[in-house]
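Analysis of the macromolecular model
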Amino acid sequence: MFAPGSTPAILYPMTTPATDDAGFGRLSAWLASAALGDTGRRSDGQLANNLGALPLIDVFAGFCDRLHDWAGPFSRISLGIEVLHPELSGGSMYWHEGTTTEREIARAGILGFDEYLRSPVYVVEQTNRPWRWRAGETVPDMPLIQDLHAQGVTDYCLLPLPIQDTSRTTTLSFATKRPGGFGTFGGDEQGLGLLRRMAWLMTPYVERVALRIIALNLLDAYVGKIAGTRVYAGQI
């Protein structure tokens, strides 16, 4: 027990997650079970290929919670998914110190949206390469980074995920208030490599959800919701 008025020390993992293959294995096994579920029949007798699978928002929340407990502390983790829809450009999910939220992004006017044009997401979409800011570097003219800097974030990295669809961008970002940032994971390059390895774990599950959303949205927009649902179910 801590003495009255004392401040508990922040405890960090004793081993570097980049070398903890067992930790990655546990996280991978959880993701497979949570995101894929199982095959069988539903209670109504219909065949199903994802019995017990969690919605993507719950998979994302569980993934972030486990990362935070294993390799944290993380202050903020975000997932951005670009889709193909007449009205929506995509959506984002945010994990902030244990709380998860969602946000839809309208397509209309996004290219003139100042917050978007002055964001790490815009840079990554133009380069398809990771973008990173660390405490001690000049704070760029980006509202998000200015806000994170004011909150005490020491390291922020936004990674494009290696999905097969090169016409759209899906991203995962990490932010920490940890002294030394992600460089404490064995050095800056190893820290960046660790974040990439974590992000890659989510990529196949995010992509399968995004592709299904795109397919259903296209069918809904061009053949109608009822007919589109039937076509997607195989009634062609």
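Anything mentioned here points back to the structure above.
My aim in this report is to walk through the structure given alongside it, one point at a time. (Residues numbered from 1 in each chain as written. Predicted model: local features only at pLDDT ≥ 70, side-chain atom pairs only at ≥ 80, totals over all residues. Heavy atoms only, no water.)

**Regarding helix α2 (residues 56-71)**
Helix length check: α2 (16 residues) gives 22 Å between terminal C-alpha atoms against 22 Å at 1.5 Å per residue, within 8%. Of the residues making up α2, those classed as buried are Leu56, Val59, Phe60, Ala61, Gly62, Phe63, Cys64, Leu67, Trp70 and Ala71. (Helix = DSSP H or I, 4+ residues; strand = E, 2+ residues; numbered from the N terminus. Expected span 1.5 Å × (residues − 1). Buried < 20%, exposed > 50% of the residue type's maximum accessible area, 1.4 Å probe, protein only.)

**Side note on unusual backbone geometry**
Following Gly72, the chain continues to Pro73 via a peptide bond in cis, the omega torsion being 15 degrees. Secondary-structure assignment places Pro73 in the loop between α2 and β3 (76-82). Unusually for a residue other than glycine, Glu97 sits at a positive phi of about 50 degrees. What makes Glu97 partly exposed here is its relative accessible area of 47%. In this structure, Asn128 takes a positive phi of about 60 degrees despite not being glycine. Among the secondary structure elements, Asn128 is positioned in the loop between α4 (120-127) and β6 (131-134).

**What to know about the nonpolar core**
The biggest cluster of nonpolar side chains holds 38 residues, and the ones touching the most others in it are Phe63, Phe74, Leu79, Phe174 and Met198. The set of elements that each furnish at least two residues to this core consists of α1 (21-36), α2, β3, β4 (88-96), β7 (155-160), β8 (170-176) and α6 (188-223). No other element matches α6, which puts 10 residues into this core. Excluding residues that lie within four positions of it along the chain, Leu79 makes contacts with Leu56, Phe60, Gly91, Ser92, Met93, Leu161, Thr170, Thr171, Leu172, Met202 and Val206. Core analysis: the second largest hydrophobic core is formed by 10 residues, Val124, Leu148, Leu158 and Ala175 among them. (Core = buried A, V, L, I, M, F, W, Y, C linked by side-chain atoms within 4.5 Å. Contact = heavy atoms within 4.5 Å.)

**Things to note about the pairing of β8**
Taken across its seven residues, β8 has seven buried, putting it largely inside the fold. One ladder, built from six bridges, connects β7 with β8; its direction is antiparallel. Of the residues in β8, the one forming a bridge with Asp155 is Thr176. (Pairing = 2+ DSSP bridges.)

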